[in-house]
Amino acid sequence: MIDAIDNIVKVGNNKDVYSYEYIESLRKEDKNTPNPYVVIPQKGCQEMFLSNNVDITIYGGKRGGGKSWGLLAETLKDYSNSHFGAIIFRKEINDLTQLEKNSESLYRQFGTYNRSKNDMTWNFTSGASLKLTYYAGSFKDFKDRFQGQELPYIGIDEITQMEYEKFKYIMTDNRNSHFIRNRIYGTCNPDPDCWVAKFIDWWIGDEGYPIPERNGVIRYCFMGGEDGKDPSTISWGSSRKEVYENNRELIDSLYQPYKDLDLGMNKLEMFIKSVTFIEGRLEENIQLLRSDPAYISNLANQSLEEIERDLRGNWKYKTVGDDLINFANMQSFFANEFKYGDNKRRCSCDVAFDGGDNLVMWLWVGNHIQDVFTCSANSKEVLKTVKNKLEEWRV
């Protein structure tokens, strides 16, 4: 039964649902007289982030886009459910300081915070909880710490710093037995050398900027299989059916034990994840800019690389410095005398399965570089390419 009273709608679980016009009026009131007890996402990317309904959301872009606040605010959707357990990660324990401060303004009316570095947990009056913690350390230690947990909501602040292996593992904890929606949300600034850059590549244009028409568009993926540790091998599609057709044999075999159970979803919904990318925009964080408009100049007074990433949201911009090799050194490659040495043919290879680097192979004849080859591909294709190149070079 639904009863509408002015701008508030009462739904079956006795929760209030407000009209958008009413939310806009609250925003206007807050603009005139800020009220810390009125918690409303800002229009634009923050609102889009908190209103989406997918399995994995990457909220990334310019610094100051309100991304970390969004991670905290997501918890408020389920804080009244006594079975709800959430976790928000940062790389190091000391990185959580700002999240702690921001959480005070959001949660203080709903529960109490345990101020212990060994147990940084918000305990809500309903019995729900949110733990702030770190993920630094070895994969084995990470696995031992989180094995067997039930976490319907997992937030990862600065997800570009988390290893892909740990991200894949924490997915196994994204579960619950109380019909709470499971989701994983990650926030970040652009980093062209991390696995996230590959993960969201479809949403990013050739010049490194998010494609406006694809912002918030939902795609689907299957990450399982023999190359499950390589983000380049993820199977993507614009529909679950498309992904299923490319992974039919494995998915059908995994679904076999559950096919006769009435679980409320089909095998495509069970095995194929929904994913979206939402661009974080500083110009939409009116709260920050109204309080500190000079913050923009702080970002503008950085290196060109930092400006491109942090102020313009570029995911592919990388400067080429002289720390490894400069142009004069490269010119000397072609001016030096031949140094054949023992005249034996050898190959050196800089393998790059993950990150933004390319694989580079060098053919040596003695001490002389005879040829060079570079490519960017997933692990399976790289192995095949290297074998073919070795045959071609007779090494």
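Going by the structure above, here's the rest.
In this text the structure is predicted, and so the values were computed from the model without any measurement.

K.L.:
I'd love a proper account of the overall build of the protein chain, names of residues and values included.
P.N.:
Secondary structure assignment for the protein chain yields 15 helices and 16 strands. Of all 395 residues assigned to the protein chain, the portion counted as buried reaches 40%. Sequence separation of at least 24 residues holds for 64% of the intrachain contacts in the protein chain that already meet a minimum separation of 6. Put simply, the protein chain shows about 22,000 Å² of open surface, and 50% of that area lies on carbon and sulfur atoms.

K.L.:
Help me get a handle on helix α4 (residues 97-107), residues and values and all.
P.N.:
Burial in α4 covers these residues: Leu 99, Glu 100, Ser 103, Leu 106 and Tyr 107. Seen end-on, α4 carries its buried residues on one side only, within an arc spanning 120 degrees.

K.L.:
Can you break down the environment of Asp 350 residue by residue, with the values?
P.N.:
Tracing the chain through its elements places Asp 350 in strand β14 (residues 345-350). When its relative accessible area of 48% is taken as the criterion, Asp 350 is described as partly exposed. Distance from Asp 350 to Met 361, taken between C-alpha atoms, is 6.4 Å for residues 11 residues apart in sequence. Dropping the residues within four chain positions of it, Asp 350 is found in contact with Asn 358, Leu 359 and Val 360.

K.L.:
Could you give an account of the nonpolar core, with specific residues and numbers?
P.N.:
Membership of the largest hydrophobic core comes to 34 residues, with the highest contact counts inside it found for Phe 89, Phe 167, Val 196, Phe 199 and Ile 200. Of all hydrophobic cores here, the second largest spans 27 residues; its members include Leu 72, Leu 76, Ile 180 and Tyr 185.

K.L.:
Break down the sheet that holds strand β4 (residues 56-61) for me, with residues and values.
P.N.:
Across the sheet, which stays open at both edges, the 10 strands sit in the order β6-β7-β8-β5-β9-β10-β4-β13-β11-β12 with mixed pairing between neighbours. In the strand order of this sheet, the two ends are held by β6 (111-116) and β12 (235-237), each with one partner. Across this sheet, the average inter-strand angle for adjacent strands is 20 degrees, counted without regard to direction. By the bridge criterion, five bridges tie strand β9 (residues 153-157) to strand β10 (residues 183-188) in an arrangement that is parallel. Of the residues in β10, the one forming a bridge with Asp 157 is Thr 187. Packing of helix α5 (residues 139-146) onto the sheet brings it into contact with β5 (85-90) and β8 (129-134), and relative to β8 it is tilted by some 165 degrees.

K.L.:
Hey, could you go over the side chain of Arg 183 for me, with residue numbers and the actual values?
P.N.:
Note that Arg 183 resides in strand β10. Overall, Arg 183 belongs to the buried group, its relative accessible area being 1%. Beyond its immediate stretch of four places on either side in the chain, Arg 183 contacts Val 54, Asp 55, Glu 74, Lys 77, Asp 78, Phe 84, Pro 152, Tyr 153, Ile 154 and Asn 174.

K.L.:
Now, about a nonpolar patch on the surface: what can you tell me, with residues and values included?
P.N.:
On the surface, Tyr 258, Leu 261, Leu 263 and Met 265 cluster together to form a nonpolar patch covering roughly 380 Å² of accessible area. Mapped onto the elements of the fold, Leu 263 is located in the loop between α9 (248-255) and α10 (267-271). The class for Leu 263 is partly exposed, based on a relative accessible area of 46%.

K.L.:
Residue-level account of the pairing of strand β13 (residues 273-280), with values.
P.N.:
Among the eight residues in β13, seven count as buried, and that is most of the element. Where β4 meets β13, six bridges bridge the pair, whose relative direction is parallel. Opposite Ile 58, over in β13, you have Phe 277 as the bridge partner. Pairing analysis gives four bridges linking strand β11 (residues 218-222) to β13, with the strands arranged antiparallel. For Tyr 220, the partnering residue across the bridge sits in β13 and is Ser 274.

K.L.:
Break down the side chain of Asn 215 for me, with residues and values.
P.N.:
Here Asn 215 lies in the loop between α7 (195-199) and β11. Assessed through its relative accessible area of 14%, Asn 215 is described here as buried. Once you skip the residues sitting within four places of it in the chain, Asn 215 turns out to touch Met 48, Phe 277, Ile 278, Glu 279 and Arg 281.

K.L.:
Talk me through the pattern of salt bridges; I want residue IDs and the actual numbers.
P.N.:
Tallied over the full model, the rule gives 25 salt bridges. Asp 252 is the partner of Lys 267 in a salt bridge, and the nearest nitrogen-oxygen pair spans 2.8 Å. Here the residue Lys 267 occupies a position in helix α10, and Asp 252 occupies one in helix α9, the gap between them amounting to 15 residues. Judged by its relative accessible area of 25%, Asp 252 is partly exposed. Among the ionic contacts, a cluster of salt bridges with common partners joins Glu 74, Lys 77, Asp 78, Arg 181 and Arg 183.

K.L.:
Any details on the packing of helix α3 (residues 67-74) against α4? Residues and values, ideally.
P.N.:
As a packed pair, α3 and α4 sit with axes 10 Å apart at the nearest point and diverge in direction by 50 degrees. With respect to each other, α3 and α4 are oriented oblique. In the packing of α3 onto α4, the handedness of the crossing is right-handed. Judged by residue contacts, Ser 68, Trp 69, Leu 72 and Ala 73 of α3 engage Leu 99, Asn 102, Ser 103, Leu 106 and Tyr 107 from α4.

What counts and how
Residues numbered from 1 in each chain as written. Predicted model: local features only at pLDDT ≥ 70, side-chain atom pairs only at ≥ 80, totals over all residues. Heavy atoms only, no water. Helix = DSSP H or I, 4+ residues; strand = E, 2+ residues; numbered from the N terminus. Buried < 20%, exposed > 50% of the residue type's maximum accessible area, 1.4 Å probe, protein only. Contact = heavy atoms within 4.5 Å. Areas by Shrake-Rupley, 256 points an atom, 1.4 Å probe, with all protein chains shown as cover. Arc of directions from axis to C-beta. Core = buried A, V, L, I, M, F, W, Y, C linked by side-chain atoms within 4.5 Å. Pairing = 2+ DSSP bridges. Axes fitted to C-alpha atoms, helices over the stretch in contact; angles between N-to-C directions. Patch = residues over 30% accessible without salt bridge, like charges linked within 9 Å, V, L, I, M, F, W, Y side chains within 5 Å. Salt bridge = Lys/Arg side-chain N within 4 Å of Asp/Glu carboxyl O. Parallel < 35°, antiparallel > 145°, perpendicular 65-115°, else oblique. Left-handed = near helix turned anticlockwise from the far one by under 90°.

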